[in-house]
Amino acid sequence: RWLNCRLPRFLSVGSVLFASMGAGVLLNTTTADAAERVVLTYGPFERYLIIDELKTLAETGEASTGIQFLSAVSGQEVSALQDVFTQEIRLNLRFLDRTLNALPGEYALFQAGTVIHTPSRRANIQAMRAALVLSASDDNYVSLLEILENYPTQDVYLDGPQLLQDVRAVSEFVDS
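Residues numbered from 1 in each chain as written. Predicted model: local features only at pLDDT ≥ 70, side-chain atom pairs only at ≥ 80, totals over all residues. Heavy atoms only, no water.

It is the rolling of a water-molecule-sized probe over the atoms that shows where space remains empty. Within the structure shown, the criterion is met by one cavity of 30 Å³ or more. Counted as a void, the largest cavity has a volume near 70 Å³. Around the largest cavity, the lining residues are Leu40, Tyr42, Leu70, Ser74, Leu81, Val84, Phe85, Leu158, Gly160, Leu163 and Leu164. When residues of the lining of the largest cavity are traced back to their parent elements, those giving at least two are strand E1 (37-42), helix H3 (65-74), helix H4 (78-86) and helix H9 (160-175). In terms of residue class, the lining of the largest cavity is made up of nine nonpolar, two polar and no charged. (1 Å grid on protein atoms, 1.4 Å probe; cavity = no way out; pocket = protein on both sides within 12 Å on 5 of 7 lines; lining within 4 Å. Points joined across faces, edges and corners; volume = space filled by probe spheres on them. Helix = DSSP H or I, 4+ residues; strand = E, 2+ residues; numbered from the N terminus. Nonpolar A, V, L, I, M, F, W, Y, C, P; charged D, E, K, R; others polar.)

Next comes the structure, spelled out in structure tokens:
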């Protein structure tokens, strides 16, 4: 019940996140600060990708064997995958903070948690909120790669078919 209480105005997501991260470090020194691996699920297939593989794809377009696997099972060209992971969206940190703590923002975080989620599928909303805030905090831009890099668990799960469906829907919306 105490999780559902409203925070005083002087507390923001950032301050609560910072305090939570500090408490996590004090209580458990083995907790990961950010994701190291992406566990890509694509139907019955599951493949681990190291975050550095995605960074290499983003920076050079070079595809590791894991990226090539993703390309093969998704039917997407490597360059299209590079675009999916690097496409940036401008999100003002103050707006993001307010929106993610309101009911519509909670719903959006819940929906995003069906695509990107924790290994246990618990605390997806909190993990996604943290990843978004951390991603936008330095430049007010967010990309899928940044979200994955800033996800607060060692392994982050990514539902490949749902991601591709969502990317197609957004692309159709933007193109119309």
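Now for the nonpolar core. Residues Phe85, Ile116, Leu148 and Leu158 are the most contacted members of the largest nonpolar core, which totals 32 residues. Looking at this core, the elements with two or more residues in it are E1, helix H2 (51-60), H3, H4, helix H5 (93-100), helix H7 (124-136), helix H8 (144-150) and strand E6 (155-159). Top contributing element to this core by residue count: H7, with six residues. Contact partners of Leu158, with chain neighbours within four places excluded, come to Val38, Val39, Leu40, Thr41, Phe85, Val115, Ile116, Leu148 and Leu163. (Core = buried A, V, L, I, M, F, W, Y, C linked by side-chain atoms within 4.5 Å. Buried < 20%, exposed > 50% of the residue type's maximum accessible area, 1.4 Å probe, protein only. Contact = heavy atoms within 4.5 Å.)

Residue placement: Asn124 occurs in helix H7. Classification of Asn124 as buried rests on a relative accessible area of 12%. Of the polar contacts made by the side chain of Asn124, one reaches the backbone oxygen of Arg121; its length is 3.5 Å. Each residue touching Asn124, except ones within four places of it in the same chain, is listed here: Gly113, His117, Thr118 and Tyr151. (Polar contact = N/O pair within 3.5 Å; in protein donor to acceptor, adjacent residues only side chain to side chain.)

Now for the pattern of salt bridges. All chains considered together, the criterion is met by four salt bridges. With a closest N to O distance of 3.5 Å, Lys55 and Glu149 form a salt bridge. You can see Lys55 sitting in helix H2 and its partner Glu149 sitting in helix H8, a full 94 residues away along the chain. A salt bridge links Glu106 to Arg129; the shortest N-O distance between them is 2.1 Å. Taken together, the residues Glu106 in helix H6 (residues 103-112) and Arg129 in helix H7 connect sequence positions 23 residues apart. On the basis of relative accessibility, which here comes to 27%, the residue Glu106 falls in the partly exposed class. Bridged by salt links that share partners, the residues Asp52, Lys55 and Glu149 form one connected network. (Salt bridge = Lys/Arg side-chain N within 4 Å of Asp/Glu carboxyl O.)

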